[in-house]
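So the chains spell out like this:
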Number of protein chains: 2
Amino acid sequence: VTVLVCDLGGTNCRLALADPALDRASVLRLANDGFAAFPALLGEYLRRKGRDRVRRVVVALAAPVSGDRVRLTNRDWHIDKAEVAAATGASEVSFINDFEALGHALERPDILRHAPLQSPRAPLANAPRLVLGAGTGFNCALWHPGGVVCCEAGHTGFAAETAFDRALADHLAARHGRCSTERVLSGSGILEIYRVACALAGQGPGLSAGRDVVRAGLDGSDPAAATACREFARILGRTAGDLALLFLARGGVFLSGGATRAVAPLLSGPGNPFLAAFSAKGRMTASMAEYPVHLLGDDDAALHGCVNWAKRSAIARQS
Amino acid sequence: VTVLVCDLGGTNCRLALADPALDRASVLRLANDGFAAFPALLGEYLRRKGRDRVRRVVVALAAPVSGDRVRLTNRDWHIDKAEVAAATGASEVSFINDFEALGHALERPDILRHAPLQSPRAPLANAPRLVLGAGTGFNCALWHPGGVVCCEAGHTGFAAETAFDRALADHLAARHGRCSTERVLSGSGILEIYRVACALAGQGPGLSAGRDVVRAGLDGSDPAAATACREFARILGRTAGDLALLFLARGGVFLSGGATRAVAPLLSGPGNPFLAAFSAKGRMTASMAEYPVHLLGDDDAALHGCVNWAKRSAIARQS
């Protein structure tokens, strides 16, 4: 059975065919802007691959998934199962959350592209593996031998520890009534961290987009932006450490997400704020060196996850 | 195969026989103080039940479990597999963490004694179920159809939100270098919360034990102790809400632990601080009513969990 797998974000869609393994040569990325709606994008992919139809479609979505119709985060598209079936000829259409897909991808970390940030001497092969990341929002998912645990990590309360954290939490709670983790750990969070850094430095914020803060922070041209990037990496490290501990993810912590990758230079190397905060866990500090930490590449991980998910759900139906 | 299951805490040990289901008539609680070491306690139980030996022993321990010898938290006992085998004639001895046992008990919540704190109209039967609790420390475990996820929730960073939280976090970080969740949510945490309540009220702390704070707080005889109990219940509620969200535990949140049960009057009823904080999750507030919340009885849950664990591990070996 040929499965069309899609990793649909707010800006781009990555697509591939699997039968049953992922056909790497079939991977294609299409910009959503070129299409009025998702079915047209699917039609274009099939046309380019010279296919009339597929039997099954699995779409990983950056959105809460329930029911047959899902509104995409960050783009005014409604993704509808009947419309996807009509555009592809598929008799079966499934939607899964993007982090659920990444969780299923961790079944085979060896085939994913990732860079090591921390490598313990004795990794535990079959221990739980955690993927977490900051992008539009923040979330995580856990793989363990019995399956994948889906989470809503972004809506938990932000754990403010330092004086900077508290100023940040006050700033965000004043705007939103409450400061959740993803108000801080997201693309928009970087901009808010920058605004707080400017306020603490007694200066007005000269930048107004998260990507400008990252650029000016990493090239050293703006001290407040540099502070914001380091604080973001520090808070990401502390949160990743808390989640690693919470889930006992001795099989590995895998970082994903656009905002995470944007600050990649601050996640490794001497004196990086990420790993220092990841490990600063009081009595548990020594044990934090036992967690492998990797930065996932921005590539086919979610597609591999869709393929693994399709296999698992087919097996579950047969048994 | 007869299995001897034990729920061993710092003060008492609860024991029972299972073959394969738990024999409720066999349940007995023995005070650790009456014995020099754990094997003597096991011998006394078998003697009272008129048994020479059992084939298998499963012990749930309030301690990190690894290897063949474990030091019990809160009592200077080393629990050793070879010694347990010698005392019981068992050919197989297993140690599991007490929260792992509670997680396995959630496979059958219907046979556990528990009181509802919040009951949604449409509970999800097969959704993940979370057990969490404050006792000597704080921890949680997740049951889902694929298995049980073991956690180290107590060592995550304490999420300070209110001015009281921040005073508490400062107080505990000054003592321990860092404020973890279980510094607050534990029996000793109640006493620390009381000390902060006294300091904020400009009075000296008249009480010096957590249980005295709970008694004086619940009977209304001490305003600072009453504040401490309400703050403890509020922080427990907020933390339980964060963990419910994080794990999407729509199958139910089950509260356990001695410190949790000590403040039971503040976990339900009009204006209780626990459920108010459980639900106060910004954009997610309405969705928090969809989580069933229960208070587990202090009884045989961990024993049932040991039985379920023994069944699962026997099945895993056969396949």
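The model shown is predicted, which means the values in this text are computed figures rather than measured ones.

S.K.: Explain the nonpolar core to me, please; I cannot follow it from the model alone.
M.R.: The tendency in soluble globular proteins is for nonpolar side chains to be buried as a group. Core analysis: the biggest nonpolar cluster contains 116 residues, and Leu132, Leu246 and Phe247 of chain A together with Leu132, Leu246 and Phe247 of chain B have the highest contact counts within it. Excluding its chain neighbours within four sequence positions, the residues that come into contact with Phe247 of chain A are Pro128, Leu130, Cys140, Leu142 and Cys151 of chain A together with Val149, Cys150, Leu246 and Phe247 of chain B.

S.K.: Please clarify how the relation of the copies chain A and chain B should be interpreted in this entry.
M.R.: Mapping between the two copies of the chain is achieved by a rotation about an axis and a shift along the axis. When chain A is brought onto chain B, the operation consists of a screw motion whose angular component is 180 degrees and whose axial shift is 0.0 Å, with 0.0 Å RMSD remaining. Classification of the inter-copy transformation places it as that of a two-fold axis. Taking C-alpha positions as reference, the residue of chain A nearest the rotation axis is Ala159 of chain A, located at 1.8 Å. Both copies contact each other with a shared surface, as 100% of the interface residues of chain A are interface residues in chain B too.

S.K.: Got a minute to help me understand the interface of chain A and chain B in this structure?
M.R.: Listed by partner, the interface residues are 36 residues for chain A and 36 residues for chain B. Taken together, both faces of the contact between chain A and chain B bury some 2,900 Å²; the carbon and sulfur share is 57%. The tally of links between chain A and chain B comes to six salt bridges. Measuring nitrogen to oxygen at the nearest pair gives 3.0 Å for the salt bridge that ties Asp170 of chain B to Arg166 of chain A. In this structure, the connection of chain A to chain B is made through 11 residue pairs in polar contact (both at pLDDT 80 or more). Put simply, the parts of the chain that give the side of chain A that touches chain B at least two residues each are strand S10 (138-144), strand S11 (147-150), helix H4 (163-176), helix H5 (181-184) and helix H8 (223-247) of chain A. Among the elements that take part in the side of chain A that touches chain B, H8 of chain A stands out by supplying five residues, more than any other. When its residues are assigned to classes, the side of chain A that touches chain B shows 18 nonpolar, eight polar and 10 charged.

Parameters and conventions
Residues numbered from 1 in each chain as written. Chains lettered and ligands numbered in written order. Predicted model: local features only at pLDDT ≥ 70, side-chain atom pairs only at ≥ 80, totals over all residues. Heavy atoms only, no water. Core = buried A, V, L, I, M, F, W, Y, C linked by side-chain atoms within 4.5 Å. Buried < 20%, exposed > 50% of the residue type's maximum accessible area, 1.4 Å probe, protein only. Contact = heavy atoms within 4.5 Å. Least-squares fit on C-alpha atoms with pLDDT ≥ 70 in both. Buried area = accessible area lost by both parts, 1.4 Å probe. Salt bridge = Lys/Arg side-chain N within 4 Å of Asp/Glu carboxyl O. Polar contact = N/O pair within 3.5 Å; in protein donor to acceptor, adjacent residues only side chain to side chain. Helix = DSSP H or I, 4+ residues; strand = E, 2+ residues; numbered from the N terminus. Nonpolar A, V, L, I, M, F, W, Y, C, P; charged D, E, K, R; others polar.

The values are spatial; any link to function lies outside them.
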